[in-house]
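# Structure at a glance
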Amino acid sequence: AKSFLISEAVRGEGGILRNAAGSPFMDGVHPRASLAPRDIVARAIDAEIKRTGAECVYLDITHQSREFLQQRFPAIYAKCLECGIDMAMEPIPVVPAAHYQCGGVVTSPEGRTELPGLWAVGEVGCTGLHGANRLASNSLTECFVFGARAAQAALDEPPLAAFAPDTAPAADGPTGMASSVLSPLTDSSRQALWRLAGLERNGDGLRELQSDPHPLVALIATAALAREESRGAHWRTDFPNRNPELDHQHVTLVTDRKSIFRHWA
């Protein structure tokens, strides 16, 4: 059950976040209460769990009929029943979770990247459509639109030469990382990411994270260090205010073993 995602649409249909005592704790956090942006909700849940010592908070949508829930959320309804939770009669226990992807790969409107033959669509793409928070529950629609564009554009591209694995660039290439598949994250790297670059981060923790043995973890820490403001899911406790000079701007980091360059798009 811990790996099962409760859709943002449940909040959209009026789900209310309550603590273990049944109180709707979001009322004093944001004017939109339980409909606040996802980064604010995630931090508020985390704060409530730490304040009360509870293992979770609860998402209550029992005001909707059973028939509505079965039709609107068939997979969630069935999974909750499998876990012994009748969401029509009792609230769903929830905790914040890391998003799968929040963008990052810069693409053209057709999903083309700077690497020949590599196309990126959906949540992994940095297209400018979403802003500091990915818009809830539209990633599938985005995949349809950009997936179709990428497929059509790829058909018009000349074929690439066959790729031979033994010709992959060495690890001392321009990014300082081999192009071959990286090793999976270890449990210690995952825990360090969640602790130091999760819902909240600061300069000290990110600099500590730069020494992690996994290169992707160090890259995430380096990128987070470069953005000295708080915006959406990137919450810096040492830079809590939003910087209006960075409105409508993306930061792309190009790294090698000696330096970091910022490109303002």
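Since the model is a prediction, treat every value here as computed from it, not as a measurement.

## Section: the overall build of the chain
Within the chain one finds 8 helices and 7 strands. Each of the 265 residues in the chain was classed as buried or not, and the buried ones make up 33%. Relative to all contacts within the chain whose residues are 6 or more apart in sequence, the contacts with residues 24 or more apart total 50%. When the accessible surface of the chain is totalled, it reaches about 16,400 Å², and 57% of it is carbon and sulfur.

## Some points on the packing of aromatic side chains
Both the distance between ring centres and the angle between the ring planes are used here to describe each pair of aromatic rings. Scanning the model with the defined rule gives 0 aromatic pairs in all. In this structure, Arg-43 packs its charged tip against the face of Trp-235, placed 4.0 Å from the ring centre.

## Structural notes on the nonpolar core
Residues Leu-17, Met-26, Phe-73 and Met-87 are the most contacted members of the largest nonpolar core, which totals 25 residues. Sort the elements by how many residues they give to this core and helix H2 (residues 38-52) lands first, with 4 residues. The residues touching Met-87, leaving out its near neighbours within four places in the chain, are Ile-61, Thr-62, Leu-69, Phe-73, Ile-76, Tyr-77, Cys-80 and Ile-92. Ranked by size, the runner-up nonpolar core spans 10 residues in total, among them Ala-192, Val-217, Ala-221 and Ala-224.

## Some details on helix H4 (residues 74-82)
When H4 is considered as a whole, its buried residues turn out to be Ile-76, Tyr-77 and Cys-80. On an axial view of H4, the arc spanned by its buried residues comes to 100°, and they lie on one face. Opposite its buried face, H4 presents the exposed residues Ala-75 and Glu-82, each directed more than 90 degrees away. Considering only its buried residues, H4 is in contact with helix H1 (9-12), helix H3 (66-72) and strand E3 (92-94). Downstream of H4 by one or two residues, Gly-84 has phi in the positive range, about 85°.

## Focus on the sheet that holds strand E1 (residues 16-18)
One open sheet holds the 3 strands; their spatial order is E1-E2-E3, and the pairing between them is antiparallel. Strands with a single pairing partner mark the edges of an open sheet, and in this sheet they are E1 and E3. Neighbour to neighbour, the strand axes of the sheet diverge by 35° on average, direction disregarded.

## A short note on unusual backbone geometry
Although it is not a glycine, Ala-33 adopts a positive phi angle of roughly 50°. Looking at where Ala-33 falls in the secondary structure, it is placed in the loop between E1 and H2.

## Description of the pattern of salt bridges
Pairs can form between side chains of opposite charge once their charged atoms are near each other. Scanning the entire structure with this criterion turns up 18 salt bridges. Among the ionic pairs, Glu-157 bridges to Arg-112, the shortest N-O distance being 2.9 Å. Of the two residues, Glu-157 is situated in the loop between helix H5 (139-155) and helix H6 (187-197) and Arg-112 in the loop between strand E4 (105-106) and strand E5 (125-126); the sequence distance between them amounts to 45 residues. Given the relative accessible area of 36%, Glu-157 is considered partly exposed. On the accessibility criterion, Arg-112 (30% relative accessible area) is partly exposed. Of the charged contacts, one joins Arg-195 and Glu-208 as a salt bridge, the two residues approaching to 3.7 Å between their closest N and O atoms. Placement of Arg-195 in helix H6 and of Glu-208 in helix H7 (residues 203-209) is noted, with a sequence separation of 13 residues between them.

## Comments concerning the pairing of strand E2 (residues 57-60)
Where E1 meets E2, 3 bridges bridge the pair, whose relative direction is antiparallel. Considered in E2, the bridge of Ile-16 is made with Asp-60. In the sheet, E2 pairs with E3 via 3 bridges, with the strands oriented antiparallel. Paired with Tyr-58 across the strands is Pro-93, a residue of E3.

## Concerning the confidence of the model for the chain
For the chain, per-residue confidence averages 85 on the pLDDT scale, and 86% of positions sit at 70 or higher. Segment residues 168-180 is flagged for pLDDT under 50; beyond a separation of four residues in sequence, or across chains, it makes 18 contacts in the model. A low-confidence stretch, residues 256-265 (pLDDT under 50), is modelled with 26 contacts involving residues beyond four sequence positions or located in other chains.

## Concerning the environment of Cys-56
Within the secondary structure layout, Cys-56 lies in the loop between H2 and E2. Given a relative accessible area of 14%, Cys-56 falls into the buried group. In this structure, Cys-56 is in contact with Ile-49, Pro-93, Val-94 and Val-95, ignoring residues within four places of it in sequence.

So, how was this worked out
Residues numbered from 1 in each chain as written. Predicted model: local features only at pLDDT ≥ 70, side-chain atom pairs only at ≥ 80, totals over all residues. Heavy atoms only, no water. Helix = DSSP H or I, 4+ residues; strand = E, 2+ residues; numbered from the N terminus. Buried < 20%, exposed > 50% of the residue type's maximum accessible area, 1.4 Å probe, protein only. Contact = heavy atoms within 4.5 Å. Areas by Shrake-Rupley, 256 points an atom, 1.4 Å probe, with all protein chains shown as cover. Phe/Tyr/Trp six-rings, centres within 6.5 Å; stacked < 30°, edge-to-face > 60°. Lys NZ or Arg CZ within 6 Å of the ring centre and 35° of its normal. Core = buried A, V, L, I, M, F, W, Y, C linked by side-chain atoms within 4.5 Å. Arc of directions from axis to C-beta. Pairing = 2+ DSSP bridges. Axes fitted to C-alpha atoms, helices over the stretch in contact; angles between N-to-C directions. Salt bridge = Lys/Arg side-chain N within 4 Å of Asp/Glu carboxyl O. pLDDT = per-residue confidence, 0-100.

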